[in-house]
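Here is how the chains run, residue by residue.
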Amino acid sequence: LAKTTQPISMDSYEGQEVNITCSHNNIATNDYITWYQQFPSQGPRFIIQGYKTKVTNEVASLFIPADRKSSTLSLPRVSLSDTAVYYCLCNNNDMRFGAGTRLTVKP
Amino acid sequence: DAGVIQSPRHEVTEMGQEVTLRCKPISGHDYLFWYRQTMMRGLELLIYFNNNVPIDDSGMPEDRFSAKMPNASFSTLKIQPSEPRDSAVYFCASSLVLRDLDTEAFFGQGTRLTVV
């Protein structure tokens, strides 16, 4: 099972772009990379998923290099409401969450 | 669909009592997951089911914990007897698939359990 490593916490300011990188050195060939967001007192919520290159949706972008040993979640122009914990998963056969990255957006 | 529905939302019980947490997954989803979240241990996967069959229960902490899925629309997580260290938020989640692209797990609102 691919283990993921993320920074424990990050701080940002409103309007900035935030990039959170996740390392998954032993990702399997058939693993997808998925990111979830969790607000206090709520369950995690799916943000974005990809296999390689770049994926973009209305919420975020996901950058995956050719070797797939890492991935970067990019949040454009964050607001205070983006303060949350962000989890990276390599989940082809597993739904185990790591410690996640606690993002704090300041005014 | 109303999403994943968990009950109760809050439960306070005394040590030694039996506690039953309930979950209704999204209709048509083949996978159901139970998680426990605490500040110290984060979000832990306890057990998951595929088509009502338990697939991996390696995260269940001990024999006091048991989970069942008698049909596709209902699952329970039972703790008997409960202990103060079981105090946590318990989440249930369901997903349509597990291995393909567009796998998305939907989480319920959680049950906050306090054992005193």
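Above this text sits the structure in question.
Procedures and definitions
Residues numbered from 1 in each chain as written. Chains lettered and ligands numbered in written order. Predicted model: local features only at pLDDT ≥ 70, side-chain atom pairs only at ≥ 80, totals over all residues. Heavy atoms only, no water. Pairing = 2+ DSSP bridges. Helix = DSSP H or I, 4+ residues; strand = E, 2+ residues; numbered from the N terminus. Salt bridge = Lys/Arg side-chain N within 4 Å of Asp/Glu carboxyl O. Buried < 20%, exposed > 50% of the residue type's maximum accessible area, 1.4 Å probe, protein only.

Peer 1: Talk me through the pairing of strand β8 (residues 74–79) of chain B; I want residue IDs and the actual numbers.
Peer 2: Residues and elements named next belong to chain B. Relative to β8, strand β3 (residues 19–24) is paired through five bridges, and the arrangement is antiparallel. Looking at β8, one finds that T20 is bridged to K78. Where strand β7 (residues 65–71) meets β8, five bridges bridge the pair, whose relative direction is antiparallel. When the bridges of β8 are listed, A67 appears paired with L77. Adjacent in sequence and paired antiparallel, β7 and β8 are bridged by two residues.

Peer 1: Now, about the pattern of salt bridges: what can you tell me, with residues and values included?
Peer 2: Pairs may arise between side chains of opposite charge once their charged atoms sit close together. Residue and element names in this part refer to chain B. Using the criterion set out here, one finds 10 salt bridges over all chains in the structure. Here E83 ties to R85 by a salt bridge, and the two come within 2.5 Å at their closest N and O atoms. According to the relative accessible area criterion, E83 is partly exposed, its value standing at 24%. With relative accessibility at 54%, the residue R85 sits in the exposed group. Through salt bridges that share partners, E62, R64, E83, R85 and D86 make up one connected network.

Spatial relationships are all this shows, so hold off on functional conclusions.
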